[in-house]
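One-letter residues, chain by chain:
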Amino acid sequence: MNPVARWLFAAALVASTAACVTINIYFPAAAAEKAADRIIDEVWQLREGAGSAPATPPAAGDAK
Amino acid sequence: MKSASMPSGSWAGRLAALFVGLALAFPVHAQGNLEIDTPAISALRKTMQQRHAQLAPLYASGAVGIAADGTVSLRDAAAVPLAQRAQANAAVAAENADRAALYREIARANGHPEWEAEVRRTFAQRWLERAQPGWWVQQGAAWSRK
């Protein structure tokens, strides 16, 4: 390959490596909070219909 | 080899394809939901949900509290009748083992095992915030009743 193409290719490699590092250190805090809330709803059974149905039928309480 | 005879124009094409690929890959990584529906995570969610029936009265009595580090803690063993103390201890230990596995599995399922500590921190904060009135929660080192 000619020198210009080689240089461009090297630059692209460096750029993509830097991009990978950027992605790696990024923690999706909002998505993690959403995931946590979904699991907490299910484990503590805070919301009907969140995840699998509870083993015992929910008492049809007045949800006012 | 085929590529050796290619004109340099095809390198520009490859570069363009590389950049387009990167541009497409970025948003996919940067947003959206975390994966929490793998078989391992689903199994943990299910056992934790079932165990909650056993733990809920312990939270309510204050025997077990929601700790600041994303675990639960037997903070007042005296609140549990002696005959049930071993059982309560076992439930707390099993719950904490499942929680540790849950945080690890979520980080792994999303391709970033190194996120485990941050997943744990996020959960710790949400468990505390969503604890029900009357439950004991740990903030910093101090316990307080919600």
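All of these numbers come straight from a predicted model, not from anything done at the bench. (Residues numbered from 1 in each chain as written. Chains lettered and ligands numbered in written order. Predicted model: local features only at pLDDT ≥ 70, side-chain atom pairs only at ≥ 80, totals over all residues. Heavy atoms only, no water.)

Caption draft 1: Up close: the overall build of chain B. Counting its secondary structure elements, chain B contains four helices and four strands. Reading chain B from its N terminus to its C terminus gives the helix and strand order α-α-β-β-α-α-β-β. Total accessible area computed for chain B in this model is approximately 7,800 Å², and 59% of it derives from carbon and sulfur atoms. (Helix = DSSP H or I, 4+ residues; strand = E, 2+ residues; numbered from the N terminus. Areas by Shrake-Rupley, 256 points an atom, 1.4 Å probe, with all protein chains shown as cover.)

Caption draft 2: Local environment of the confidence of the model for chain A. In this model, chain A carries an average pLDDT of 73, and 56% of its residues clear a pLDDT of 70 or more. In the predicted structure, residues 49-64 of chain A sits below a pLDDT of 50 and forms eight contacts with residues beyond four places in sequence or in another chain. (pLDDT = per-residue confidence, 0-100. Contact = heavy atoms within 4.5 Å.)

Caption draft 3: View of the confidence of the model for chain B. In the predicted model, chain B carries a mean pLDDT of 88, and 82% of its residues have values of at least 70. Contacts of residues 1-6 of chain B to residues separated by more than four positions or lying in other chains number two contacts, the stretch itself having pLDDT below 50.

Caption draft 4: Spotlight on the packing of aromatic side chains. Under the defined criterion, the tally for this structure stands at seven aromatic pairs over all chains. Here the aromatic rings of W44 of chain A and W135 of chain B are separated by 4.9 Å at their centres, their planes lie at 90°, and the arrangement is edge-to-face. Linking W44 of chain A in the segment after α2 (29-43) with W135 of chain B in the loop between α4 (116-130) and β3 (136-139), this pair reaches from one chain into another. Classification of W44 of chain A by relative accessible area gives buried; the value is 3%. Seen from their ring centres, Y103 of chain B and F123 of chain B are 5.2 Å apart, and the 50° between their planes marks the pair as tilted. Here Y103 of chain B, found in helix α3 (residues 82-109), pairs with F123 of chain B, found in helix α4; they are 20 residues apart in sequence, far enough to count as distant. For the pair shown, Y103 of chain B and F123 of chain B are each scored as buried. (Phe/Tyr/Trp six-rings, centres within 6.5 Å; stacked < 30°, edge-to-face > 60°. Buried < 20%, exposed > 50% of the residue type's maximum accessible area, 1.4 Å probe, protein only.)

Caption draft 5: Molecular detail of the side chain of N110 of chain B. All names here are of chain B. Tracing the chain through its elements places N110 in the loop between α3 and α4. Here E35 takes part through its backbone nitrogen, which lies 2.7 Å from a polar atom of the side chain of N110. Excluding residues within four positions of it along the chain, N110 makes contact with L34, E35 and W115. (Polar contact = N/O pair within 3.5 Å; in protein donor to acceptor, adjacent residues only side chain to side chain.)

Caption draft 6: Focus on the packing of helix α2 (residues 39-61) of chain B against α3 of chain B. All names here are of chain B. The geometry of α2 relative to α3 is characterised by a closest axis approach of 10 Å and an angle of 150° between their N-to-C directions. The pairing of α2 with α3 is recorded here as roughly antiparallel in orientation. Viewed along their axes, α2 and α3 form a crossing whose handedness is left-handed. Partitioned by chemical class, the residues of the contact of α2 with α3 number 15 nonpolar, three polar and five charged. (Axes fitted to C-alpha atoms, helices over the stretch in contact; angles between N-to-C directions. Parallel < 35°, antiparallel > 145°, perpendicular 65-115°, else oblique. Left-handed = near helix turned anticlockwise from the far one by under 90°. Nonpolar A, V, L, I, M, F, W, Y, C, P; charged D, E, K, R; others polar.)

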